[in-house]
Amino acid sequence: MREFFGPGWRMYYIERNGTIIVMLGGGEKSTQQADIAAAIALSKSIEEQLP
């Protein structure tokens, strides 16, 4: 997904059951690896809480 509110801005999402979309985080290119790691951790946390 692309948004136009900053150069190099990246957003990380997860989709479940074809309808639920949750923004897990975002950041700039300089923090991309840490942002991805945080999004993955949050995704796992969400997965554990879903029925």
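As a reminder, the structure under discussion sits directly above these lines.
**A look at a nonpolar patch on the surface**
A grouping of Trp9, Tyr13 and Met23 is seen on the molecular surface, where their side chains present a nonpolar patch of about 280 Å² in accessible area. Locating Trp9 in the fold gives a position in the segment before β1 (10–16). Take Trp9: its relative accessible area is 34%, and that puts it in the partly exposed class.

**A few points about the side chain of Asp35**
Summarising the element assignment, Asp35 is placed in helix α1 (residues 32–49). Residue classification places Asp35 among the buried positions, given a relative accessible area of 15%. Once you skip the residues sitting within four places of it in the chain, Asp35 turns out to touch Tyr12, Gly26, Gly27 and Glu28.

**Re α1**
With 18 residues, α1 extends 26 Å from end C-alpha to end C-alpha; this agrees with the ideal 26 Å at 1.5 Å per step. Taken together, the buried positions of α1 are occupied by Asp35, Ala39 and Ser43. Angular distribution of buried residues about the axis of α1 spans 75°; they occupy a single face of the element. Exposed and oriented more than 90 degrees from the buried face of α1 are Gln33, Ala34, Lys44 and Glu48.

**Comments concerning the environment of Gly27**
Residue position: Gly27 is located in strand β2 (residues 20–27). Gly27 gets classed as buried once you look at its relative accessible area, which sits at 5%. Separated by 18 residues in sequence, Gly27 and Trp9 place their C-alpha atoms 5.6 Å apart. For Gly27, the residues in contact, after removing those within four places along its chain, are Gly8, Trp9, Arg10 and Asp35.

Rules used throughout
Within each chain, residue numbers correspond to sequence positions counted from 1 in written order. It should be noted that, the model being predicted, local features are given only for residues of pLDDT at least 70 and side-chain atom pairs only at 80 or more, the latter also being counted only at that level, while totals for whole chains, interfaces and linings use all residues. Note that water and hydrogens are dropped before the side-chain values are worked out from all heavy atoms of the structure. Residues enter patches when they are more than 30% accessible in relative terms and free of salt bridges; like-charged ones are connected within 9 Å and nonpolar ones (Val, Leu, Ile, Met, Phe, Trp, Tyr) within 5 Å. Here the accessible surface of atoms and residues is derived via Shrake-Rupley with a 1.4 Å probe, and residues count as covered only by protein chains that are part of the display. For salt bridges, the criterion is a side-chain nitrogen of Lys or Arg within 4 Å of an Asp or Glu carboxyl oxygen. Here a strand is any run of E in DSSP of at least two residues, a helix any run of H or I of at least four, and the numbering for each starts at the N terminus. In this scheme, a residue with accessible area under 20% of its type's maximum is buried, one over 50% is exposed, and one in between is partly exposed, where area comes from a 1.4 Å probe on protein chains only. The contact criterion used throughout is that any non-hydrogen atoms of two residues lie within 4.5 Å. The span you would expect from a helix comes to 1.5 Å times its residue count less one. The arc in question is the one spanned by the directions pointing from the helix axis to the C-beta atoms.

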